[in-house]
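Below are the chains, spelled out letter by letter.
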Amino acid sequence: MFSNNYVLAYILSKCTENFTAEQICSKKLIALKKHDQEKETEYYKTLFVYFECRFNASAAAKKLFIDRSSFLSRIERIREIAKIDFESNK
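Since we're looking at a predicted model, the values are computed, not measured.

Draft legend 1. Geometry of the overall build of the protein chain. Within the protein chain, the secondary structure is distributed over 6 helices and 0 strands. Secondary structure elements in the protein chain, listed N-terminal to C-terminal, are α-α-α-α-α-α. By the compact-globule yardstick of 12 Å for 90 residues, the protein chain is too spread out, its C-alpha radius of gyration being 16 Å. Its C-alpha atoms give the protein chain principal-axis dimensions of roughly 45 × 30 × 30 Å. Put simply, the protein chain has 90 residues, and 22% of those count as buried. For the protein chain, the share of sequence-separated contacts (at least 6 apart) that also reach a separation of at least 24 residues comes to 35%. Working note: accessible area of the protein chain is about 7100 Å², and carbon and sulfur atoms make up 53% of it. A gap of 3 Å separates the mean positions of the 16 positive and 12 negative side-chain charges of the protein chain.

In structure tokens, the structure reads:
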């Protein structure tokens, strides 16, 4: 349909330009991103890779170039900071 990616990018940017991050993004993710900026951590990236690897801890750890136990420690810290329950869909 769209032969040029810039057209799609433009349309998407116009669709969201009147919204703040708080209106279109989870408060939990915003809190995690803020924590990363303040503490110079990479929990947001860790969570993104975890999702990208379909919640496979070993694959995510490998992709982040860390050992699995370090990855699991990060996930536990993400749970604490952002109040994310990976067992629930809320």
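Further notes follow.
Draft legend 2. Looking closely at the side chain of Asp36. Turning to its location among the elements, Asp36 is positioned in helix α3 (residues 27-39). Summary of buried charges: Asp36 has no salt-bridge partner, and the nearest side chain of opposite charge, Lys33, is 6.2 Å away. Residue contacts for Asp36: discarding those within four places in its chain leaves Thr41, Glu42, Tyr43, Tyr44 and Lys45.

Draft legend 3. Layout of the packing of aromatic side chains. All chains considered together, the criterion is met by 4 aromatic pairs. With a centroid separation of 5.2 Å and 80 degrees between ring planes, the pair formed by Tyr50 and Phe55 is classed as edge-to-face. Owing to a relative accessible area of 11%, Tyr50 belongs among the buried residues under this scheme. On the basis of an interplanar angle of 65 degrees and a centroid distance of 5.2 Å, the ring pair of Phe51 and Phe55 is categorised as edge-to-face. Aromatic ring contacts, followed pair by pair, group Tyr50, Phe51, Phe55, Phe71 and Phe86 into a single cluster. Over the aromatic face of Tyr44 sits the side chain of Lys33, whose NZ or CZ is 4.3 Å from the ring centroid.

Draft legend 4. Fine view of unusual backbone geometry. At Arg54, a residue that is not glycine, the phi angle is positive and equals roughly 55 degrees. Secondary-structure assignment places Arg54 in the loop between α4 (43-52) and α5 (57-64). With a relative accessible area of 74%, Arg54 lands in the exposed category. Positioned with a positive phi, Phe55 is a non-glycine residue whose angle comes to about 65 degrees. Relative to the helices and strands, Phe55 resides in the loop between α4 and α5.

Rules of the game
Residues numbered from 1 in each chain as written. Predicted model: local features only at pLDDT ≥ 70, side-chain atom pairs only at ≥ 80, totals over all residues. Heavy atoms only, no water. Helix = DSSP H or I, 4+ residues; strand = E, 2+ residues; numbered from the N terminus. Rg over C-alpha atoms; globule rule 2.2 N^0.38 Å. Buried < 20%, exposed > 50% of the residue type's maximum accessible area, 1.4 Å probe, protein only. Contact = heavy atoms within 4.5 Å. Areas by Shrake-Rupley, 256 points an atom, 1.4 Å probe, with all protein chains shown as cover. Lys, Arg positive; Asp, Glu negative; His and termini not counted. Charge placed at Lys NZ, Arg CZ, Asp CG, Glu CD. Salt bridge = Lys/Arg side-chain N within 4 Å of Asp/Glu carboxyl O. Phe/Tyr/Trp six-rings, centres within 6.5 Å; stacked < 30°, edge-to-face > 60°. Lys NZ or Arg CZ within 6 Å of the ring centre and 35° of its normal.

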